Amino acid sequence: MAITEEAPPAATEPTPPAQNEQTEQTEQKTDQRTPKPKGDDEEQARHLNSPLLLTMLLLLTLLLQGPLRGALASPVMQSWMTVFVAVTVQALPFLVLGVLLSAAIAVFVPASFFARALPKNPALAVPVAGVAGAVLPGCECASVPVAGALVRRGVTPAAALAFLLSAPAINPVVLTATAVAFPRNPEMVLGRLVAGLLVACAMGWLWLRLGRADWLRPPARASYEGRGRGAAFWGSVRHDVMHAGGFLVVGAMAAATLKAVVPQEWLRAAAGNPVVSVLALAVLAVLLSICSEADAFVAASLSQFSLTARLAFLTVGPMIDLKLFAMQAGTFGRGFALRFAPATFALAVLVAVLTGAVLL
């Protein structure tokens, strides 16, 4: 007897795995090309956050206008506002001018120019670089990347470090601002020039004598790589104005607070001790981190302190402060900054005291 096998019922053939994957990828691409609509509430929240906060702030100010008016009318607040506005208004034009010149030099002057202009002898290159800092305007925000570019182009690190310290401390804009801030003490301009140049050259020679190549990490790339000159210039200007302007406001607030809030007996006690006054203003310069184009006006407002103590403030601030330490650590390495910053601080205080004893 013949056995006939029945064919199994027809079944749906499974889609090959490759076709499944292609289908899923096509669906995913379709989903990506067609963004999901956002809800009205989410869209309104995204667009109305800032106006809503501003409106609430204005309403709060209107509700509290009585107490605020009374607080601002007090003698202490009037004195605070007077000092704050005076320091800010006097310093702002010099800050903007310095930022414009600094950005122009950093963007349009090639680093190879400095390499060609400096002597081949490292010991002679240090004072030449220090004097170049006195001729070329620039703030400390720009001096660090310029010094990094010099090292990257083959300039001896000692000369680059001398330029890094002298450029923000004794450039023409800074010296002009100092003359305007101290109209009755023109010797402060000479004292700042001498002290800044001595510290810059001394630190360059000290690095030439004691520095080691493994302490300094050369920057890996150019500051404005991949950007057009116009975009780099205006980007640098915007960044430096906002950055330095913020520190100027903080410095003006600190100066106004010292003038109006801190008891005069405390300030006279600190100012009456020569050692304490110098160290106090040197530490204050590090903490405030004011742009060098504006720090002379803050120093001039601290009239309780001696000219030597204020010279220490003007010498230390452009060479080492909190933002400079962070920039130096990011550009040359943390090991370099941990060695360079304390040595610069100590030498700047010592040279400022000696210069003040001779010239002021």
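Reading the values: the criteria
- What you see as residue numbers is a count from 1 along each chain, following the sequence as written.
- Confidence filtering applies because this is a predicted model: local features only for residues at pLDDT of at least 70, side-chain atom pairs given and counted only at 80 or more, and all residues used for totals across whole chains, interfaces and linings.
- Calculated side-chain values reflect all of the structure's heavy atoms, with hydrogen atoms and water omitted.
- Remark: nonpolar core denotes a set of buried residues (Ala, Val, Leu, Ile, Met, Phe, Trp, Tyr, Cys) joined through side-chain atoms within 4.5 Å.
- Per-residue accessibility, obtained with a 1.4 Å probe over protein chains only, is compared with the maximum for each type, and a residue is labelled buried under 20%, exposed over 50%, and partly exposed between these values.
- For this analysis, residues touch if any pair of their heavy atoms sits within 4.5 Å.
- Basic side-chain nitrogens of Lys or Arg form a salt bridge, by our definition, when they fall within 4 Å of a carboxyl oxygen of Asp or Glu.
- Under the scheme used here, helices are H or I runs from DSSP no shorter than 4 residues and strands are E runs no shorter than 2 residues, and both carry numbers assigned from the N terminus.
- Stacked, edge-to-face and tilted are the three classes for Phe, Tyr and Trp ring pairs, Trp counted by its six-membered ring, which pair at centre distances within 6.5 Å; planes under 30 degrees apart are stacked, over 60 edge-to-face, the rest tilted.
- Lines fitted to C-alpha atoms define the axes, with helix axes restricted to the stretch in contact, and inter-axis angles between N-to-C directions lie between 0 and 180 degrees.
- Working rule for angles: under 35 degrees goes down as roughly parallel, over 145 as roughly antiparallel, 65 to 115 as roughly perpendicular, anything else as oblique.
- With the far helix as reference, a near helix turned anticlockwise by less than a right angle produces a left-handed crossing, and one turned clockwise produces a right-handed crossing.
- The span expected for a helix works out to 1.5 Å for each residue beyond the first.
- Think of a 1 Å grid over just the protein atoms. A cavity is a set of points where a 1.4 Å probe fits yet cannot get out, a pocket is an open set with protein on both sides within 12 Å along at least five of seven lines, and lining residues have an atom within 4 Å of a point.
- Grid points are joined across faces, edges and corners, and a volume is the space filled by probe spheres set on the points.
- Scored from 0 to 100, pLDDT reflects the predictor's confidence in each residue.

Novice: Before we move on, can you summarise the nonpolar core with the specific residues and values?
Specialist: If you look at the biggest cluster of nonpolar residues, it comprises 88 residues, and the most contacted ones within it are Phe313 and Val316. With near-sequence residues (within four places) excluded, Phe313 lies in contact with Leu281, Leu284, Ala285, Leu288, Ile290, Asp295, Val298, Ala299 and Pro318.

Novice: Got a sec to walk through the pattern of salt bridges? Specific residues and values, please.
Specialist: Across all of its chains, the model carries one salt bridge by this definition. One salt bridge connects Arg192 with Asp295, and the closest N-O pair in it is separated by 2.9 Å. Taken as a pair, Arg192 in helix α10 (residues 187-210) and Asp295 in helix α14 (residues 295-301) lie far apart in primary sequence, 103 residues in all. Residues Arg192 and Asp295 agree in their burial class; the two are buried.

Novice: With reference to specific residues and values, describe the packing of aromatic side chains.
Specialist: By the definition in use, this model includes five aromatic pairs. On the basis of an interplanar angle of 20° and a centroid distance of 4.9 Å, the ring pair of Phe336 and Phe340 is categorised as stacked. One end of the pair is Phe336 and the other is Phe340, both in helix α17 (residues 334-359) and four residues apart, which spans about a single turn. Since its relative accessible area comes to 1%, Phe336 is described here as buried. A residue is classified by how much of its surface remains accessible, and Phe340, at 4% relative accessible area, is buried. Aromatic rings pair up to connect Trp207, Trp215, Phe332, Phe336 and Phe340 into one cluster.

Novice: Outline the environment of Val85, listing residues and values.
Specialist: Residue position: Val85 is located in helix α4 (residues 75-108). Taking relative accessible area as the criterion, Val85 reaches 40% and is therefore assigned partly exposed. Val85 sits 168 residues away from Met253 along the chain, and the two C-alpha atoms are 9.2 Å apart.

Novice: Give a detailed account of helix α15 (residues 307-316), specifying residues and quantitative values.
Specialist: Along α15, 10 of the 10 residues are buried, which leaves the element largely enclosed by surrounding structure. The complete set of buried residues in α15 reads Leu307, Thr308, Ala309, Arg310, Leu311, Ala312, Phe313, Leu314, Thr315 and Val316. Buried residues along α15 sit in contact with α9 (172-181), α10, α13 (274-288), α14 and α17.

Novice: I'd like a description of the packing of α10 against α15, backed by residues and values.
Specialist: One can describe the packing of α10 onto α15 by two numbers: an axis separation of 10 Å at closest approach and a directional angle of 45°. With respect to their mutual orientation, α10 and α15 come out oblique. Judged by the twist between their axes, the crossing of α10 over α15 is right-handed. Contacts from Glu187, Met188, Gly191, Arg192, Ala195 and Val199 in α10 reach Leu307, Arg310, Leu311, Leu314 and Thr315 in α15.

Novice: Kindly report on α10, identifying the contributing residues and their values.
Specialist: Note on helix geometry: an α-helix contains 3.6 residues per turn, so any two residues three or four positions apart are oriented the same way. A rise of 1.5 Å per residue sets the reference length of α10, with its 24 residues, at 34 Å; its end C-alpha atoms lie 34 Å apart and thus fit the reference within 8%. Inspection of α10 places Met188, Val189, Gly191, Arg192, Ala195, Gly196, Val199, Ala200, Cys201, Met203, Gly204 and Trp207 among the buried residues, and these make up the whole buried set.

Novice: Now, about empty space enclosed by the protein: what can you tell me, with residues and values included?
Specialist: Under the counting rule described, the total for this entry stands at two cavities of 30 Å³ or more. Considering only enclosed or pocket space, the second largest cavity measures out at about 30 Å³ in volume. Considering the residues around the second largest cavity, the lining is formed by Ala285, Ser289, Ile290, Asp295, Phe313 and Gly317.

Novice: Explain the confidence of the model for the chain to me, using residue names and the numbers behind them.
Specialist: Mean pLDDT over the chain works out to 77, with 75% of the residues at or above the 70 mark. The secondary-structure element of the chain with the lowest mean pLDDT is helix α1 (residues 17-33), recorded at 48, while α15 shows the highest, at 96. Taken together, the stretch residues 1-15 has pLDDT below 50 and engages in one contact with residues farther than four places along the chain or on a different chain. The low-confidence segment residues 17-48 (pLDDT under 50) makes three contacts with residues lying over four places distant or belonging to another chain.

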